[in-house]
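# Coordinate analysis (summary)
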Amino acid sequence: MPIDARIAKDPAGSERRGQPRAAVEIEAHVREMGMTGTEARVLNISNDGFMAETSTEHEVGARVWLILPGRERASAIVRWTAAGKLGAQFAEPLSDEALAQIGG
């Protein structure tokens, strides 16, 4: 079974992830700017970004909102997609306090 993966190019060739991610399982919504949201399961999260499972296709470079239950929404840019998952980088890093409230 082939894997359909799209990854944003990193011109510097360096590690794209700036912070280690904490494994979580959080039900959330992901909504592309100007579109209807969809259910998602956040699988890991850090101050800089997150990975989530979602049934909706998103293009690399798309701006999305991550909406967690009882929390402020966070703007992010999709950096990669593969096999029903996406990885996104927050437009503004989450504070340590916000991350602790989420469980990361």
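Residues numbered from 1 in each chain as written. Predicted model: local features only at pLDDT ≥ 70, side-chain atom pairs only at ≥ 80, totals over all residues. Heavy atoms only, no water.

So, about the overall build of the chain. Helices and strands together make up the secondary structure of the chain, namely one helix and seven strands. The helix and strand sequence of the chain, counted from the amino end, reads β-β-β-β-β-β-β-α. Burial statistics for the chain: of 104 residues in total, 37% are counted as buried. In the chain, once contacts between residues fewer than 6 apart in sequence are set aside, the share between residues at least 24 apart is 52%. Working note: accessible area of the chain is about 6,500 Å², and carbon and sulfur atoms make up 50% of it. (Helix = DSSP H or I, 4+ residues; strand = E, 2+ residues; numbered from the N terminus. Buried < 20%, exposed > 50% of the residue type's maximum accessible area, 1.4 Å probe, protein only. Contact = heavy atoms within 4.5 Å. Areas by Shrake-Rupley, 256 points an atom, 1.4 Å probe, with all protein chains shown as cover.)

One finds Val 42, Ile 45, Phe 50, Leu 66, Leu 68, Phe 90 and Leu 94 to be the most contacted residues of the largest nonpolar core, which totals 22 residues. Elements represented by at least two residues in this core include exactly strand 2 (22–32), strand 3 (38–45), strand 4 (49–54), strand 5 (63–67), strand 6 (74–82), strand 7 (85–90) and helix 1 (96–102). A total of four residues in this core trace back to one element, the largest contributor, which is strand 2. (Core = buried A, V, L, I, M, F, W, Y, C linked by side-chain atoms within 4.5 Å.)

Of all eight residues that make up strand 3, six are buried, and the element is covered over most of its length. Inspection of the sheet shows strand 2 paired to strand 3 by seven bridges, in the antiparallel sense. When the sheet's bridge partners are listed, Ile 26 is paired in strand 3 with Val 42. By the bridge criterion, five bridges tie strand 3 to strand 4 in an arrangement that is antiparallel. (Pairing = 2+ DSSP bridges.)

Right, let's talk about the packing of aromatic side chains for a bit. What the rule picks out here adds up to one aromatic pair. For the ring pair Phe 50 and Phe 90, a centre distance of 5.5 Å and an interplane angle of 35° mean the geometry is tilted. Separated by 40 residues along the polypeptide, Phe 50 in strand 4 and Phe 90 in strand 7 bring together distant segments of the chain. With respect to class, Phe 50 is no different from Phe 90; both count as buried. Positioned above the aromatic ring of Trp 65 is the side chain of Arg 73, whose terminal nitrogen or guanidinium carbon lies 4.1 Å from the ring centre. (Phe/Tyr/Trp six-rings, centres within 6.5 Å; stacked < 30°, edge-to-face > 60°. Lys NZ or Arg CZ within 6 Å of the ring centre and 35° of its normal.)

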